[in-house]
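Here is what each chain is made of, one letter per residue.
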Amino acid sequence: MSIWQYANPKKFMETTGPLLPWIGAASLTCIVTGLVWGFFFTPDDYRQGSTVKIIYLHVPSALMAINAWFMMLVASLIWLIRRHHVSALAAKAAAPVGATMTVIALITGAIWGQPMWGTWWAWDPRLTSFLVLFLFYLGYMALWGAIENDDTAADLTSILCLVGSVFAVLSRYAVNFWNQGLHQGASLSLDKEENVSDVFYYPLLVSIGGFILLFVFLVFLGTHTEIRARRTRALLARERMS
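Note that the structure is a prediction, hence the values are computed from the model and not measured. (Residues numbered from 1 in each chain as written. Predicted model: local features only at pLDDT ≥ 70, side-chain atom pairs only at ≥ 80, totals over all residues. Heavy atoms only, no water.)

Turning our attention to the environment of L35. With respect to the helices and strands, L35 occurs in helix α2 (residues 20-40). Once you skip the residues sitting within four places of it in the chain, L35 turns out to touch F40, Y56, L57 and S207. (Helix = DSSP H or I, 4+ residues; strand = E, 2+ residues; numbered from the N terminus. Contact = heavy atoms within 4.5 Å.)

Its 22 residues give helix α5 (residues 125-146) an end-to-end C-alpha distance of 31 Å, which sits within 8% of 32 Å, the value for a rise of 1.5 Å per residue. For α5, the full list of buried residues reads P125, R126, L127, S129, F130, L133, F134, F136, Y137, Y140 and W144. (Expected span 1.5 Å × (residues − 1). Buried < 20%, exposed > 50% of the residue type's maximum accessible area, 1.4 Å probe, protein only.)

It is worth spelling out the packing of aromatic side chains at this point. Scanning the entire structure with this criterion turns up six aromatic pairs. Ring centres of F12 and F220 lie 5.7 Å apart, and the angle between their planes is 85 degrees; this geometry places the pair in the edge-to-face category. Here F12 is found in helix α1 (residues 9-16), whereas its partner F220 is found in helix α7 (residues 198-241), with 208 residues between them in sequence. Residue classification places F220 among the partly exposed positions, given a relative accessible area of 21%. (Phe/Tyr/Trp six-rings, centres within 6.5 Å; stacked < 30°, edge-to-face > 60°.)

Once that is clear, we can look at the UniProt feature "transmembrane region" (unreviewed entry) in the chain. In the numbering adopted here, UniProt assigns the feature "transmembrane region" (unreviewed entry) to residues 20-41, 61-81, 93-115, 127-147, 159-179 and 199-221. Taken end to end, residues 199-221 is 100% helix and 0% strand, and its two terminal C-alpha atoms sit 34 Å from one another. (UniProt positions renumbered as here; feature names shortened; annotations may be inferred.)

For soluble globular proteins, nonpolar side chains are generally found buried alongside one another. Within the largest apolar cluster, 44 residues are counted, with the highest numbers of intra-cluster contacts made by W69, M72, F130, Y137, Y140 and F215. Of all elements in the fold, only α2, α3 (55-82), α4 (85-117), α5, α6 (150-177) and α7 reach the threshold of two or more residues within this core. For this core, the leading source of residues is α3, giving 13 residues. One finds M13, V86, L89 and I227 within the second-largest nonpolar core, a separate group that totals five residues. (Core = buried A, V, L, I, M, F, W, Y, C linked by side-chain atoms within 4.5 Å.)

A few words on the packing of α2 against α7. Taken N-terminus to C-terminus, the directions of α2 and α7 make an angle of 150 degrees; their axes are 7 Å apart at the nearest point. In terms of orientation, α2 and α7 fall into the roughly antiparallel class. Our pair here, α2 against α7, has a crossing hand that is left-handed. Its residues assigned to classes, the contact of α2 with α7 comprises 17 nonpolar, nine polar and no charged. (Axes fitted to C-alpha atoms, helices over the stretch in contact; angles between N-to-C directions. Parallel < 35°, antiparallel > 145°, perpendicular 65-115°, else oblique. Left-handed = near helix turned anticlockwise from the far one by under 90°. Nonpolar A, V, L, I, M, F, W, Y, C, P; charged D, E, K, R; others polar.)

A few words on the confidence of the model for the chain. Summarising the model, the chain shows a mean pLDDT of 86, and 88% of its residues fall at 70 or more. Taking the mean pLDDT of every element in the chain, the minimum, 80, falls on α6 and the maximum, 96, on α2. (pLDDT = per-residue confidence, 0-100.)

Opposite charge on two side chains permits pairing when their charged atoms draw close. Following the criterion strictly, the structure yields six salt bridges and no others. Linking K92 and E226 is a salt bridge whose minimum nitrogen-to-oxygen distance equals 3.2 Å. Pair noted here: K92 is in helix α4 and E226 is in helix α7, with a separation of 134 residues, a long-range link. Close ionic contact of D150 with R230 constitutes a salt bridge, the shortest N to O distance being 3.3 Å. Here R230 lies in helix α7 and D150 lies in helix α6, a separation of 80 residues in the sequence. A single network of salt bridges, built from pairs that share partners, joins D150, D151, R230 and R233. (Salt bridge = Lys/Arg side-chain N within 4 Å of Asp/Glu carboxyl O.)

The following block contains the structure:
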């Protein structure tokens, strides 16, 4: 038994297909629980008031926006090294999910930041790198759509993914690289003293867990769709040749 057996499209679909309803239900349960717990059963912050509660949308979406790109990076490297089509299609399926998460993070960050900073936007290192990351998501999806040959598209988008990973790293660690900027430090850390208060921390973890499961669900579902679309194109090409 090897992990590479799941690079076979048939094996991948047979394994992940039965899991989809369970992952979807678990993600919905966690997200609803985390948001209801966070928005309605936690107190206002003594400095930020009720605006702090947007953390339950902002932090999970920002976390997934960055890690979605890292997942795409790993899948792209697998494609470039081992030429497994499922990995390339999984990266393709993850891109719109990651782009959506980036938009949510940017919008919720602006809503959260306006009363705190007095502005909807600032050219802060983390905000700017996040915006550039979103542009890379758009470029990645546009490149997939612009090239007819799937293997060529996978090659070029994988290279683009490698370049864009620089901005994914900057989005994650910008506040560590530069001291200037309005954005606060990480809300979650291995150092418990740097974490938000426990009253916000536990519902935030539930919400993050829900977003992770939602990402897995959408990537599995998207990969299934891409595999079926690839098979359909192959059958149509075969019919035209015959």
